Amino acid sequence: MAILLKKQGAILILMLNLFLVFTGVGLVIPIIPMFMEELGITGSAVGLLVAAFSLTQFLFSPLAGRLADSNGRKKMILIGMIIFAVSEWLFGIAGSSMLLFVSRMLGGIAAALIMPAVMAFAADVTSEEDRATGMGYITASITTGFIIGPGIGGYAAEFGVRVPFFAAAVAGLIAACVTLLFLRESKLERSAASATATAAAAAPAQERGNLFVQLMRSYRAPYFLGLVIVFVMSFGLANFETLFSMFVNQKFGFGPKDIAFILTFGSIAGAVVQLTAFSWILNRFGERRVISICLLLSGLFILLTLFVHKYWLICAVTFIVFLATDILRPAVSTQMSKLAKDQQGYVAGLNSAFTSLGNIIGPIVAGALFDMNINFPYLLACIVLVLCFGLSLRAGKREGRKSKMAA
């Protein structure tokens with residue numbers, strides 16, 4: 001019982017950290033149109049602003065994953081939360097687009113340090129049987145952050161567009177203190193045999209080379225398809241999420257409060273499903289089938305966004321998109337964590353790197369397309385996600401043939 005409570009306490013602290021990080025990330029979404037008007041920036045500039053966050057996350061993620069394996073998860077989480085607090089404070093005081101870029105890049109470094117360490121920590125304190133439940137809780141905290149973030153940003157903008165960022169900076173420092181005082185390093189709880197296995201796995205990890213060498217060699221890994229899906233999912237969703245506030249602002253005249261409500265309504269079901277039914281869904285249908293269905297649904301409903309005009313229909317379509325993607329993210333993470341064995345930190349780092357790669361290219365392409373036609377980013381997102389659905393079906397059939405041949 002004491003061990004169970006200790007694990008639950010660790011998961012709760014991890015959830016708190018991710019919740020605060022992604023709340024800070026979500027704050028900016030409904031306020032983007034206001035920043036566009038205040039600073040005179042275009043859709044392409046907004047895409048670059050989002051990509052700046054993902055670029056630094058991409059560059060630092062594999063290194064952060066190795067550091068989480070060698071130096072401990074807790075230390076990386078703590079450093080990441082402090083950098084996150086600094087980035088939010090800088091965003092709050094920014095008076096030019098240049099300082100906004102600096103803030104977002106620091107935020108990307110913070111996310112790179114935090115995400116692999118949290119995922120590896122969760123894998124350390126959960127067994128393979130309850131891994132899906134643990135990942136569901138972790139991802140639910142991310143989803144909830146995205147729910148709360150736009151809501152806080154949209155409604156607090158009436159008191160001052162910069163107020164939410166100062167609050168996020170304070171919350172980040174509080175979370176860092178909680179982590180320092182109450183989170184016990186997970187690697188210290190491993191058995192001697194597990195620690196030896198991890199050390200043995202760490203040696204070849206040092207020989208994998210730099211970031212780009214790791215990415216080039218990742219195609220040999222059994223979890224490579226999962227990495228491809230992570231990239232495509234991030235690319236497609238970046239097209240949808242990055243410019244959503246600008247899209248509905250220009251097309252329907254929605255303000256920050258309207259945008260915040262739509263995002264909150266569309267996201268809330270994902271958090272509920274992850275906390276209550278995600279483990280059952282994964283055990284009932286399997287990771288591959290769940291991933292395929294969610295890719296198809298997210299692509300089709302992103303396309304439907306172009307054809308709805310009433311407020312309640314926009315809310316309903318967004319609801320389905322967020323529900324599908326909020327199931328898809330932990331499903332992919334669970335699948336890869338089962339294949340990672342004693343390289344949890346390294347694989348989590350690659351997962352974060354491929355996510356960031358999609359989040360770099362997606363916003364840049366979406367911003368350029370948005371300046372051409374506000375509908376083009378969503379058309380591209382639909383095409384990419386549906387193509388990835390076909391890829392997942394093909395991979396599933398190949399695995400099925402291998403299983404029959406082995407039998």
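Residues numbered from 1 in each chain as written. Predicted model: local features only at pLDDT ≥ 70, side-chain atom pairs only at ≥ 80, totals over all residues. Heavy atoms only, no water.

By the naming in an unreviewed UniProt entry, the chain goes by DHA1 family multidrug resistance protein-like MFS transporter and is assigned to Paenibacillus cellulosilyticus.

A. Main features of the overall build of the chain. Scanning the chain from N- to C-terminus turns up 17 helices and zero strands. For the chain, the proportion of its 407 residues judged to be buried stands at 55%. About 17000 Å² of surface is accessible on the chain, with carbon and sulfur atoms providing 70% of the total. (Helix = DSSP H or I, 4+ residues; strand = E, 2+ residues; numbered from the N terminus. Buried < 20%, exposed > 50% of the residue type's maximum accessible area, 1.4 Å probe, protein only. Areas by Shrake-Rupley, 256 points an atom, 1.4 Å probe, with all protein chains shown as cover.)

B. The arrangement of helix α11 (residues 244-252) in detail. Turning to α11, its buried residues are Phe244, Ser245, Met246, Phe247 and Val248. Glycine 253, located one to two residues past α11, shows a positive phi value of around 75°.

C. Region of the structure containing the nonpolar core. Grouped together as the largest cluster of nonpolar side chains are 59 residues, with contacts concentrated most on Phe244, Leu295 and Ile302. Take this core: its biggest share by element is eleven residues, from helix α15 (residues 311-340). Domain assignment of the residues forming this core places at least three in each of domain 1 (1-185) and domain 2 (209-401). Sequence-distant contacts of leucine 295, that is, excluding residues within four places in its chain, are made with Ile229, Leu328, Leu385, Cys388, Phe389 and Ser392. Ile109, Ile114, Met115 and Ile142 belong to the second-largest nonpolar core, a separate cluster that totals 38 residues. (Core = buried A, V, L, I, M, F, W, Y, C linked by side-chain atoms within 4.5 Å. Domains from an automatic or database assignment. Contact = heavy atoms within 4.5 Å.)

D. Main features of the packing of helix α13 (residues 278-285) against helix α14 (residues 287-304). Viewed as axis vectors pointing N to C, α13 and α14 meet at an angle of 110°, and their least axial separation amounts to 6 Å. Judged by the angle between their axes, α13 and α14 are roughly perpendicular. When α13 is examined against α14, the residues Ile281, Leu282 and Phe285 are found in contact with a partner set consisting of Glu287, Arg289 and Val290. Taken together, the residues that form the contact of α13 with α14 break down as four nonpolar, no polar and two charged. (Axes fitted to C-alpha atoms, helices over the stretch in contact; angles between N-to-C directions. Parallel < 35°, antiparallel > 145°, perpendicular 65-115°, else oblique. Nonpolar A, V, L, I, M, F, W, Y, C, P; charged D, E, K, R; others polar.)

E. The side chain of arginine 104, seen in detail. Mapped onto the secondary structure, arginine 104 falls in helix α5 (residues 97-124). Look at arginine 104 and you get buried, because its relative accessible area is 7%. With residues near it in sequence (within four places) discarded, arginine 104 still touches Val25, Leu49, Ala52, Phe53, Thr56, Glu88 and Phe91.

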